[in-house]
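Architecture and fold: a report
In case you want the letters, here they are:
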Amino acid sequence: MLNRAYILRQPINLFISTADQLFGPITTIRRHGRVVKHILWTAFTLKEADWERPNETHVIISDANNIQQYFSADKHPTLWRAIPVLEELQTAWEAKHADSQYELYKPAVQAGLDKISKYYQKLDEKSVYILALVLHPYYKFAYIKMAWGGPEEQERERAAGNPNAKDWHDEALKTVEKTMAEYWKERRRDVPRPRTTLAPARATSSAKANTLESDFDRHRRQLVEQATLEQDAGWAAELRRYIKDMPEDVSKETDIVEWWSV
């Protein structure tokens, strides 16, 4: 298969080889009004190694172009892709930054990494990116713990001299818990709450006015109170079940809206 450099090489070489005869020198250097040097078109003839530059540039740019395509969807949500693809692009360019083959492009690649870092840090200001990733059944918190680190990574960073190191898994969990608590509170405003206590037992006669509640009365009252507490903490139990469950019938391409609707 012909690469892009070879395709470009033929017409450019042909042009340069005949340009001096057809157009004269590409430029002329004058000093004190006198011509001191003619620069010919052939001075810009590219060597064999130079023709690899377009290919190398194409490889670097392709990393960003390929990732951009991940967001091309007409019918499926793609917000959950934001964090993984930024990290994928960062990893690809960090590898090229450390590769001697791309030494010539190191400043440009570093500028690209700086730009990724700038926008990556802004993700902390919007919890929706974490929520969208956690809601995807393929990733959940497992991805965050592996990619960002948990308590073990926090301890290692602190031991290495970073006292401000965070447990990013825990930070993400707090974001999700806060959102679920707020949502649950809003949701329950329209849901009738069960009675937490039983109405006082009525005596069947004046002689039984002082009758105490039976063992079952107390047992039932405890069951009602327990049910109320469980309903108040229902979102936490639901979240724990969701985190632990790792379904097999999902992939990166799973439509999370369709998955949650089922």
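This report concerns the structure included in the present document.

Cut-offs used in this document
Residues numbered from 1 in each chain as written. Predicted model: local features only at pLDDT ≥ 70, side-chain atom pairs only at ≥ 80, totals over all residues. Heavy atoms only, no water. 1 Å grid on protein atoms, 1.4 Å probe; cavity = no way out; pocket = protein on both sides within 12 Å on 5 of 7 lines; lining within 4 Å. Points joined across faces, edges and corners; volume = space filled by probe spheres on them. Helix = DSSP H or I, 4+ residues; strand = E, 2+ residues; numbered from the N terminus. Nonpolar A, V, L, I, M, F, W, Y, C, P; charged D, E, K, R; others polar. Expected span 1.5 Å × (residues − 1). Buried < 20%, exposed > 50% of the residue type's maximum accessible area, 1.4 Å probe, protein only. Salt bridge = Lys/Arg side-chain N within 4 Å of Asp/Glu carboxyl O. Core = buried A, V, L, I, M, F, W, Y, C linked by side-chain atoms within 4.5 Å. Contact = heavy atoms within 4.5 Å. Patch = residues over 30% accessible without salt bridge, like charges linked within 9 Å, V, L, I, M, F, W, Y side chains within 5 Å. Areas by Shrake-Rupley, 256 points an atom, 1.4 Å probe, with all protein chains shown as cover. Axes fitted to C-alpha atoms, helices over the stretch in contact; angles between N-to-C directions. Parallel < 35°, antiparallel > 145°, perpendicular 65-115°, else oblique. Phe/Tyr/Trp six-rings, centres within 6.5 Å; stacked < 30°, edge-to-face > 60°. Pairing = 2+ DSSP bridges.

Before going further, it helps to spend a moment on the layout of surface pockets. Reported here for the largest pocket is a volume of approximately 420 Å³. Lining the largest pocket are 13 residues; nearest its centre among them are Leu135, Met180, Tyr183, Glu238 and Trp260. Going through the elements one at a time, helix H5 (127-134), helix H8 (168-188) and helix H10 (234-244) are the ones with two or more residues in the lining of the largest pocket. Its residues assigned to classes, the lining of the largest pocket shows 10 nonpolar, 1 polar and 2 charged.

What follows deals with helix H2 (residues 52-68). Compared with the 24 Å implied by 1.5 Å per residue over 17 residues, the 25 Å span of H2 between its first and last C-alpha is a close match. When H2 is considered as a whole, its buried residues turn out to be Asn55, Glu56, Ile60, Ser62, Asp63 and Ile67.

Attention shifts here to the pattern of salt bridges. Going through the model one piece at a time under the given rule, you end up with 6 salt bridges. Close ionic contact of Arg81 with Glu253 constitutes a salt bridge, the shortest N to O distance being 2.6 Å. In this pair, Arg81 is assigned in the loop between H2 and helix H3 (82-97) and Glu253 in the loop between H10 and helix H11 (256-261), connecting sequence segments 172 residues apart. Judged by its relative accessible area of 13%, Arg81 falls in the buried class. Classification of Glu253 by relative accessible area gives exposed; the value is 56%. For Glu153, the salt bridge goes to Arg156, with nearest N and O atoms at 3.3 Å.

Attention now moves to the nonpolar core. Of all hydrophobic cores here, the largest spans 22 residues; its most connected members are Ile83, Ile130, Val134, Phe141, Ile144 and Val176. For this core, the elements supplying multiple residues, two or more each, are H5, helix H6 (140-148), H8 and H10. Among the elements that line this core, the one with the most residues is H5, at 5 residues. Every residue in contact with Val176, bar those within four places of it in the chain, is listed here: Ile130, Leu131, Val134, Phe141 and Leu239. In this structure, Ile67, Val85, Trp93 and Tyr105 belong to the second largest nonpolar core, which totals 10 residues.

Where nonpolar side chains cluster on the molecular surface, the patch consists of Phe15, Leu22 and Phe23 and spans about 340 Å² of accessible area. Phe23 gets classed as exposed once you look at its relative accessible area, which sits at 54%.

Quick look at the packing of H3 against H5 now. Each pair of packed helices can be described by the angle between their axes along with the distance between the axes. Where H3 meets H5, the closest approach of the two axes is 8 Å, and the angle between their N-to-C directions is 95°. Taken together, the axes of H3 and H5 lie roughly perpendicular to each other. Together, Ala82, Ile83 and Pro84 of H3 and Tyr129, Ile130 and Leu133 of H5 make up the contact between the two elements.

So, about the environment of Thr57. Here Thr57 lies in helix H2. By relative accessible area, which is 31% here, Thr57 ends up partly exposed. On a C-alpha basis, the gap between Thr57 and Tyr102 in space is 9.0 Å, while along the polypeptide they are 45 residues apart.

The next point concerns the packing of aromatic side chains. With the rule as written, the count across this model stands at 6 aromatic pairs. Ring plane angle 55° and centroid distance 6.4 Å describe the contact between Tyr102 and Tyr105, whose orientation is recorded as tilted. Classification of Tyr105 as buried rests on a relative accessible area of 13%. Between Tyr139 and Tyr143 the ring centres are 5.3 Å apart and the planes differ by 85°, which places this aromatic pair in the edge-to-face class. Under the relative-accessibility criterion, Tyr139 is labelled buried at 9%.

Now for the pairing of strand E1 (residues 27-31). As defined by bridge partners, E1 adjoins strand E2 (residues 34-39) across 5 bridges and the pair is classed as antiparallel. Residue pairing in the sheet places Thr28 in a bridge with His38 of E2. The hairpin formed by E1 and E2 contains 2 residues between the paired strands, and His32 there has a positive phi angle of roughly 55°.

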